[in-house]
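Residue-level listing of the chains:
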Amino acid sequence: MDERVASDARTCLWADDGDADRVESASVRFDGAGMRAIGGARAASYATAWELDVDDGWRTLALRITARGLGWSRSLDLERSPQGEWRAVATQTGDVDLPAPGLADPSSVAGALDCDLGLCPLTNTMPIRRLGLLDADVPETALVMAWVDVPSLRVIRSEQGYASASVGGRRRVRFRSLDGDFAAELEVDDDGVVVDYPGIGRRVGLTAGRPRPERPPAASGT
C-alpha cells in the first residue's frame, strides 16, 4: 500500500450484479476535507490499479492508473493544476482494439473539478461531499467531469447532474447523465462512499482500518 494511504484506511469491495467477473476495490483515507485512495479492478479481460489524490475542497489533484490485459498494457497520469488546467500523460504497449489512451483535447474538460473513473464507485464521493449532499436537500447541480473510460484510459468530457434524494432515512443521491439517458439513485454511507450504485457496483465488503501498533519501548541496559 502507498505510504500516504495509512493503515487506518477503510477498504471497500464492490461487485457488479450484471458482470460476475468484475470486482472493484478501494482503500481510502479521509484527510480533513479531502481524501487519498488506492484501488483497482479485476475483470475477465483486464485488470487495473490506480491511485487518487483529492484536495481539501474535494477537488481532484491527480489520478494515476494502469490497465493490463493479455499482450497489452496502458498507463495514464491525469492531473489538475491549482488553476484548473488538466494535463495527461499516457503510454501504451501491445496491440488491442481500444481507443487511444489520454486526453486529446484538454480544453474539452475546462471547468471540470473532478475525474470520474469509469465503473469505479469511489469517484462519486468527491461531488457528493463538495456539494453537501449528505447534509441537506440540494437540487440538481450540473457538473463537468473528466471521465476516464476503462480499460482504454481515454479521457473525455462528461456532463452530469447530482442532487440529494433521501428516502426512508437512508442517504441517497440522485445521479443523471446530462449528455446521455442514464440515471440512478445511489445509496451512500455517512462518508459519502457508495454502498449501492445500480448497474455499476454493490458494496459487498468493508474493512475498517486499525491504527498502527505502537512500538514497544526499547529495553534499558543493565
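Please refer to the structure placed before this passage.
This text gives an overview of the structure that appears in the document. Everything quoted here is computed from the prediction, not taken from an experiment.

The rules behind these values
Residues numbered from 1 in each chain as written. Predicted model: local features only at pLDDT ≥ 70, side-chain atom pairs only at ≥ 80, totals over all residues. Heavy atoms only, no water. Helix = DSSP H or I, 4+ residues; strand = E, 2+ residues; numbered from the N terminus. Buried < 20%, exposed > 50% of the residue type's maximum accessible area, 1.4 Å probe, protein only. Contact = heavy atoms within 4.5 Å. Areas by Shrake-Rupley, 256 points an atom, 1.4 Å probe, with all protein chains shown as cover. Core = buried A, V, L, I, M, F, W, Y, C linked by side-chain atoms within 4.5 Å. Phe/Tyr/Trp six-rings, centres within 6.5 Å; stacked < 30°, edge-to-face > 60°. Polar contact = N/O pair within 3.5 Å; in protein donor to acceptor, adjacent residues only side chain to side chain. Salt bridge = Lys/Arg side-chain N within 4 Å of Asp/Glu carboxyl O.

Within the protein, the secondary structure is distributed over one helix and 14 strands. Counting all 222 residues of the protein, 45% fall into the buried class. By sequence separation, contacts in the protein at least 24 residues apart represent 44% of the contacts at least 6 residues apart. A total accessible area of about 11400 Å² is found for the protein, and carbon and sulfur atoms account for 49% of it.

The next point concerns the environment of C12. For C12, the position within the fold is in strand β1 (residues 10–16). C12 gets classed as buried once you look at its relative accessible area, which sits at 1%.

The subject of this paragraph is the nonpolar core. Of all hydrophobic cores here, the largest spans 49 residues; its most connected members are W50, L78 and L122. Among all residues touching L122, those that are not within four sequence positions of it are W14, A26, V28, M35, A37, W50 and V193.

Moving on, we get to the packing of aromatic side chains. The way to describe two aromatic rings as a pair is by their centre distance and the angle between their planes. On inspection of all chains with the given rule, the structure shows five aromatic pairs. Arranged with centres 6.1 Å apart and planes meeting at 55°, the rings of F175 and F182 form a pair that is tilted. Aromatic ring contacts, followed pair by pair, group Y162, F175, F182 and Y197 into a single cluster.

What follows covers the side chain of T123. Here T123 shows up in the loop between β8 (114–117) and α1 (125–130). A distance of 3.2 Å separates the side chain of T123 from the backbone nitrogen of L117, its partner in a polar contact. A polar side-chain atom of T123 sits 3.3 Å from the main-chain carbonyl oxygen of C120. With residues up to four places along the chain from it excluded, the contact list for T123 reads L52, C115, D116 and L117.

Let's shift gears to the pattern of salt bridges. Counted under the stated rule, the structure contains 16 salt bridges. A salt bridge links D191 to R10, with the nearest nitrogen and oxygen atoms 2.8 Å apart. Taken together, the residues D191 in the loop between β12 (183–188) and β13 (194–197) and R10 in strand β1 connect sequence positions 181 residues apart. Owing to a relative accessible area of 23%, D191 belongs among the partly exposed residues under this scheme.

A few words on unusual backbone geometry. The residue after V150, namely P151, is reached through a cis peptide bond having omega 15°. Considering the arrangement of structural elements, one finds P151 in the loop between β9 (141–148) and β10 (155–164). A positive phi is found at L119, a non-glycine position, where the angle reads about 70°. With respect to the element layout, L119 can be found in the loop between β8 and α1. Classification of L119 as partly exposed rests on a relative accessible area of 31%. Phi is positive for L153, close to 65°, though the residue is something other than glycine. Of the residues examined, L153 reaches a relative accessible area of 0% and is grouped as buried.

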